[in-house]
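# A closer look at the structure
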Amino acid sequence: LNYEIILSIKATLKNQSGLKYVSWIFESEAQKTCYLQERQQMLRLCLDKLHDSRMPSLHRSVLLANTMRHIQREMTQEKGDPPAYLCSTTIPHSQVFTPLCTPEPQIQSLDCIPTLSDMDQGYVDLTCSRCAEEVEMEIDVSFFPSAFATSSSSTPFTDSSLLGLTSLLEAGNTLGYLTDLSLDDIFEDIDTSMFDSSEAASIRTCVLCSVSHLLAGDEETKVLSDCPSTSPLQCSHNDFNDLDHIMEVLVGLV
Amino acid sequence: MAGAGGGGNDVQWCFSQVKGAIDDDVAEADIISTVEFNHSGELLATGDKGGRVVIFQQDTENKSQPQCRSEYNVYSTFQSHEPEFDYLKSLEIEEKINKIRWLPQKNAAQFLLSTNDKTIKLWKISERDKRPEGYNLKEEDGRCRDSTTITTLRVPVFRPMDLMVEASPRRVFANAHTYHINSISVNSDNETYLSADDLRINLWHLEITDRSFNIVDIKPANMEELTEVITAAEFHPHQCNTFVYSSSKGTIRMCDMRASALCDKHSKLFEEPEDPSNRSFFSEIISSISDVKFSHSGRYMMTRDYLSVKIWDLNMENRPVETYQVHEYLRSKLCSLYENDCIFDKFECCWNGNDSVVMTGSYNNFFRMLDRTQRRDVTLEASRESSKPRQVLKPRRVCAGGKRKKDEISVDSLDFNKKILHTAWHPQENIIAVATTNNLYIFQEKVN
């Protein structure tokens, strides 16, 4: 059950609004398992299907959302500690991995959701072709072995704010930035209780919130845990403020 | 006769007729979306994706002679629903007929309810085979006669004419459903009926169109907490206060309308505990019930989920009394069926006249007859190749894996685009209607 998390790349990414943020990329030496692969595949398919607007059906959306929740619950139960991020391609683990997704304001960015592989069971291949194509990054290869290499019992993150950052970034990605969002398509800030399509969307939002939930460390969940009951837009407001703060902290760290 | 005794396996099924276009290029509007016999079995109605209803009538001329086979011929065709556009939500409302339910016949005319996603309509189908002739003030072709030329008066008389079948909409029940209607069911009191969408069930009076009563509402206050939807609902065939509705989580709730106005509290909950050995990512999706039907006797009900048919005794809630696997060979293929969305297909099921056999559809234009009394089952196919007049249908077998025997078809060769979702069984005779994508097959019992 020993594993080592080596922080191999610190990448500076730009989102569509031009805002720079920092994201962490790691590699894991653990082995992949078929089950995790399939589970990941399921999760990805769930997302794809939820995004598929060709067949809007509340029944279908509910089934997909429940399946996703089930997978997420299983993933959280498997690890007591907050998970680390892992987003790897099929290239050997010693090499550079693609970073976390481009922070597109649309939900589609979650197609390349970071895998939540068990650190003790393996990493999962997740080809992020989208990432590979679209991200512009300046790669600063740095190593923080002593600070971040861990044993199986402790979390890879000693600084919860780091977790928070990436989770908030994810949340920001999922919930969208204010300016670029086509609200009609995804969210509606009017009473949606009468609307089919937005209900499907709100199920998606909720599910995606909870996915972000999963990625977040415990301390940071209080921001995201508000999401299901508040409007997605309010969440991104919070994200912005925390983001600034955490940027400062990070910059100080590094 | 009449489905007595055997039914499923003592009966040999023969091809009788096929309705619909022959060519493989299926027009979307021709896709059959519902099939239903009326209470006598004389009429067979189909609804399609184009919003049309086609009614076939059994040819009764030779019924007295058991050797003769009765044929169903087109009786009436009409456009029931048109596509609509909801301007408020910018959504198109499909004209596809989701369900047709016949009303019991009270007079010479026939009545049926047909529904699309949002609106239910009551149609009156009546025959006209006489017309008045011999008016004083107008000619036979309708032109007015000059009154100055009339010297005598005559009484107009009815004379026979070619049969004309007219369908006219008598009621339109609209604007009561926010979500998509999946079921309608006529009450045994012949005055009311229910309509169910994903989250609500409404009770209507057949005479009153401007209001309905909401009797079930499972919409959560926060839509993001929604985890379950209503998939089907039906009134009990004899108890006018009782109805059931099934959910996407594999549960069936029976409600008594006498208990309260809003039947959110069920009086019975039918649920089978999950078999832990069969647990997979798809467990929840395949447990979603796609159809629920009471037996004619009213003692049992049948549910259809993705892989099985279950018969429930209304007095036993914790498990079904019988479970039949429809196509267990698909269990190992669930992942690909999930990818191509087939796992979301909603199959219907039906009882025969004396509740001894149940039938449901599958893929590759296969359908299954499950004999409850003899505990046997058979797989048959609706295909043009087996469509010679009175040709006996041969049982089909699917090879799940390993060596494929002669006449077996392997799971990987199944055509998942050829699905039989809708089937119907004549209420008294061994005549079944099976809908493939755009064709309606009628099979009858082999008569020696």
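Keep in mind it's a predicted model, so treat the numbers as computed, not measured. (Residues numbered from 1 in each chain as written. Chains lettered and ligands numbered in written order. Predicted model: local features only at pLDDT ≥ 70, side-chain atom pairs only at ≥ 80, totals over all residues. Heavy atoms only, no water.)

### Quick notes on the overall build of chain B
We count it as follows: Secondary structure elements follow DSSP: runs of H or I no shorter than four residues count as helices, runs of E no shorter than two count as strands, and numbering proceeds from the N terminus. Each radius of gyration is computed over the set of C-alpha atoms, and the globule rule expresses the reference value as 2.2 Å times the number of residues to the power 0.38. Each residue's exposure class comes from its accessible area (1.4 Å probe, protein chains only) as a fraction of the maximum for that residue type: buried when under 20%, exposed when over 50%, partly exposed otherwise.
A tally of regular secondary structure across chain B gives 2 helices and 32 strands. Radius of gyration (C-alpha) of chain B: 24 Å, near the 22 Å computed for a compact globule of 448 residues. Taken along the three principal axes of its C-alpha coordinates, chain B extends 95 × 60 × 40 Å. Burial statistics for chain B: of 448 residues in total, 53% are counted as buried.

### A look at the overall build of chain A
Threshold: Should any heavy atoms of two residues lie within 4.5 Å, those residues are counted as being in contact. Areas reported as accessible are Shrake-Rupley estimates using a 1.4 Å probe. Residue values count occlusion only from the protein chains shown.
Each helix and strand in chain A was counted, giving 8 helices and 3 strands. When the elements of chain A are put in sequence order from the N terminus, they spell out β-β-α-α-α-β-α-α-α-α-α. Of the contacts formed within chain A by residues at least 6 apart in sequence, a portion of 77% connects residues at least 24 apart. As presented, chain A carries roughly 10,600 Å² of accessible surface, and 51% of it is formed by carbon and sulfur atoms.

### Quick look at the pairing of strand S16 (residues 230-235) of chain B
All names here are of chain B. Stated formally: One requirement defines pairing of two strands: DSSP has to find at least two bridges between them.
Within S16, 6 of the 6 residues are buried, which leaves the element mostly enclosed by the surrounding structure. Here S16 pairs with strand S17 (residues 242-247) via 5 bridges, running antiparallel. Bridging from a neighbouring strand, glutamate 234 pairs with valine 244 of S17. With antiparallel pairing between neighbouring strands as the criterion, S16 and S17 make up a hairpin whose turn holds 6 residues.

### Focus: the sheet that holds strand S23 (residues 322-325) of chain B
All names here are of chain B. Note the threshold: An axis is simply a line fitted to the C-alpha atoms; with a helix, the fit covers only the stretch in contact. Between two such axes, the angle follows the N-to-C directions and lies from 0 to 180 degrees.
Read from one edge of the open sheet, 4 strands run S20-S21-S22-S23, paired in antiparallel fashion. The open sheet has two free edges, formed respectively by strand S20 (291-294) and S23, since each of these has just one partner strand. Neighbour-to-neighbour, the strand axes of the sheet open up by a mean angle of 15°, direction not taken into account. Where S20 meets strand S21 (residues 300-304), 4 bridges bridge the pair, whose relative direction is antiparallel. Paired with lysine 293 across the bridge in S21 is methionine 302.

### Let's talk about the confidence of the model for chain A
All names here are of chain A. Note the cut-off: pLDDT measures the predictor's confidence residue by residue and takes values from 0 up to 100.
Of all residues in chain A, 19% attain a pLDDT of 70 or more, and the chain-wide mean is 49. Helix H2 (residues 58-78) holds the highest mean pLDDT among the elements of chain A, 88, whereas helix H4 (residues 145-148) holds the lowest, 29. Counting contacts from residues 19-29, a segment whose pLDDT is below 50, to residues more than four positions away or on other chains yields 68 contacts.

### Overview of the pattern of salt bridges
Residue and element names in this part refer to chain B. Formally: We define a salt bridge as a contact between a side-chain nitrogen of Lys or Arg and a carboxyl oxygen of Asp or Glu at a distance within 4 Å.
Counted according to the given criterion, the structure contains 31 salt bridges over all chains. Note that glutamate 272 is salt-bridged to lysine 310, the shortest N-O span being 2.8 Å. You can see glutamate 272 sitting in the loop between strand S19 (268-270) and helix H1 (283-287) and its partner lysine 310 sitting in strand S22 (residues 308-313), a full 38 residues away along the chain. Glutamate 272 gets classed as partly exposed once you look at its relative accessible area, which sits at 30%.

### Looking at the nonpolar core
Grouped burial of nonpolar side chains is what soluble globular proteins tend to show. Counted only if it meets this: Among buried residues, the Ala, Val, Leu, Ile, Met, Phe, Trp, Tyr and Cys ones that are joined through side-chain atoms within 4.5 Å form a nonpolar core.
If you look at the biggest cluster of nonpolar residues, it comprises 34 residues, and the most contacted ones within it are Phe282, Tyr306, Leu330, Leu337, Tyr338, Ile343 and Leu414 of chain B. Going through the elements one at a time, helix H1 (34-51) and H2 of chain A together with H1 and helix H2 (334-339) of chain B are the ones with two or more residues in this core. Among the elements that take part in this core, H1 of chain A stands out by supplying 6 residues, more than any other. Sequence-distant contacts of leucine 337 of chain B, that is, excluding residues within four places in its chain, are made with Tyr306, Leu330, Cys342, Ile343 and Phe416 of chain B. By size, the runner-up hydrophobic cluster in this structure holds 18 residues, among which are Met359, Trp425, Ile432 and Val434 of chain B.

### Topic: the sheet that holds strand S4 (residues 52-58) of chain B
Residue and element names in this part refer to chain B. Reading across from one edge, S2-S3-S4-S5 is the order of the 4 strands in this open sheet, with antiparallel pairing throughout. The open sheet terminates on both sides in strands that have one partner only, identified here as strand S2 (32-37) and strand S5 (72-79). With direction set aside, neighbouring strand axes in the sheet form an average angle of 20°. In the sheet, strand S3 (residues 43-48) pairs with S4 via 5 bridges, with the strands oriented antiparallel. Directly across from leucine 44, in S4, lies its bridge partner phenylalanine 56.

### A few points about the packing of aromatic side chains
As a reminder of what qualifies: Only Phe, Tyr and Trp rings are paired, with Trp represented by its six-membered ring, and only when their centres lie within 6.5 Å; those with planes under 30 degrees apart are stacked, over 60 edge-to-face, the remainder tilted. As a reminder, the over-ring test applies to NZ of lysine and CZ of arginine, requiring each to be within 6 Å of the ring centre and within 35 degrees of the ring normal.
Tallying each qualifying case throughout the model produces 19 aromatic pairs over all chains. A centroid spacing of 6.3 Å and a plane angle of 70° characterise the contact between phenylalanine 15 of chain B and phenylalanine 443 of chain B, whose relative ring orientation is edge-to-face. Remark: phenylalanine 443 of chain B occurs in strand S32 (residues 440-445) and phenylalanine 15 of chain B occurs in strand S1 (residues 13-19); sequence separation between them is 428 residues. The class for phenylalanine 443 of chain B is buried, based on a relative accessible area of 1%. Members of the aromatic cluster, connected to one another through ring pairs, are Phe15, Phe367, Tyr441 and Phe443 of chain B. One cation-aromatic arrangement involves arginine 60 of chain A over phenylalanine 344 of chain B; the distance from NZ or CZ to the ring centre is 5.0 Å. When the ring centre of tyrosine 300 of chain B is taken as origin, the NZ or CZ atom of arginine 372 of chain B, which lies over that ring, is 4.8 Å away.

### Here we look at the side chain of glutamine 444 of chain B
To keep it simple, the criterion reads: Two N or O atoms form a polar contact when they lie within 3.5 Å of each other; inside protein one atom must be a possible hydrogen donor and the other a possible acceptor, and for residues adjacent in sequence the pair counts only when both atoms belong to side chains.
For glutamine 444 of chain B, the location among the structural elements is in strand S32. A distance of 3.4 Å separates the side chain of glutamine 444 of chain B from the side chain of serine 16 of chain B, its partner in a polar contact.

### Considering the environment of alanine 259 of chain B
Residues and elements named next belong to chain B. Looking at where alanine 259 falls in the secondary structure, it is placed in the loop between strand S18 (252-256) and S19. Among the residues examined, alanine 259 registers a relative accessible area of 65% and is labelled exposed. Spatially, the C-alpha atoms of alanine 259 and arginine 396 are 48 Å apart, while their sequence positions differ by 137 residues.

### A word on H1 of chain A
To keep things clear, this is the line we draw: Expected helix span is given by 1.5 Å per residue-to-residue step, counting one fewer step than there are residues.
The end-to-end C-alpha separation of H1 of chain A is 26 Å, in line with the 26 Å expected for 18 residues at 1.5 Å each. Leu36, Arg39, Gln40, Met42, Leu43, Leu45, Cys46, Leu47, Lys49, Leu50 and His51 of chain A are the residues of H1 of chain A that are buried.

### Concerning the packing of H1 of chain A against H2 of chain A
Residue and element names in this part refer to chain A. To keep things clear, this is the line we draw: In a left-handed crossing the near helix is turned counterclockwise from the far helix by less than a right angle, and in a right-handed crossing that turn is clockwise.
Running from N to C, H1 and H2 cross one another at 145°; their axes reach a closest spacing of 10 Å. H1 and H2 meet at a crossing whose hand is left-handed. Taken together, the residues of H2 that come into contact with H1 (itself represented by Tyr35, Arg39, Gln40, Met42, Leu43, Cys46, Leu47, Lys49 and Leu50) are Arg60, Ser61, Leu64, Thr67, Met68, Ile71, Gln72, Glu74, Met75 and Glu78.

### Looking at the interface of chain B and chain A
Rule in force here: Summed over both partners, the accessible area lost on bringing two parts together, with a 1.4 Å probe, is the buried area. All amino acids are sorted into three groups, where Ala, Val, Leu, Ile, Met, Phe, Trp, Tyr, Cys and Pro are nonpolar, Asp, Glu, Lys and Arg are charged, and the leftover types, Gly among them, are polar.
Each side of the interface is counted separately: chain B has 30 residues, and chain A has 32 residues. Buried surface at the junction of chain B and chain A, summed over both partners, amounts to about 2,800 Å²; 62% is from carbon and sulfur atoms. Summed over the three residues of chain B that lose the most area to chain A, namely Glu224, Phe281 and Tyr338 of chain B, the buried surface amounts to 29% of that side. Between chain B and chain A we count 2 salt bridges in total. Among the ionic pairs, lysine 49 of chain A bridges to aspartate 341 of chain B, the shortest N-O distance being 2.7 Å. For the interface between chain B and chain A, the tally reads 10 residue pairs in polar contact (both at pLDDT 80 or more). When grouped by side-chain class, the residues that make up the side of chain B that touches chain A number 11 nonpolar, 7 polar and 12 charged.

### Notes on the environment of asparagine 354 of chain B
Residue and element names in this part refer to chain B. Within the element layout of this structure, asparagine 354 appears in the loop between strand S24 (349-351) and strand S25 (357-361). Counting along the chain gives 29 residues from asparagine 354 to glutamine 325, while the straight-line C-alpha distance between them is 21 Å. Engagement of the side chain of asparagine 354 in a polar contact is seen with the side chain of asparagine 352, the distance being 3.0 Å. In this structure the side chain of asparagine 354 is engaged in a polar contact, spanning 2.7 Å, whose partner is the side chain of serine 356.

### Quick word on unusual backbone geometry
Phi angles above zero are rare outside glycine, and asparagine 175 of chain B is one such case at about 60°. Look at asparagine 175 of chain B and you get exposed, because its relative accessible area is 79%.

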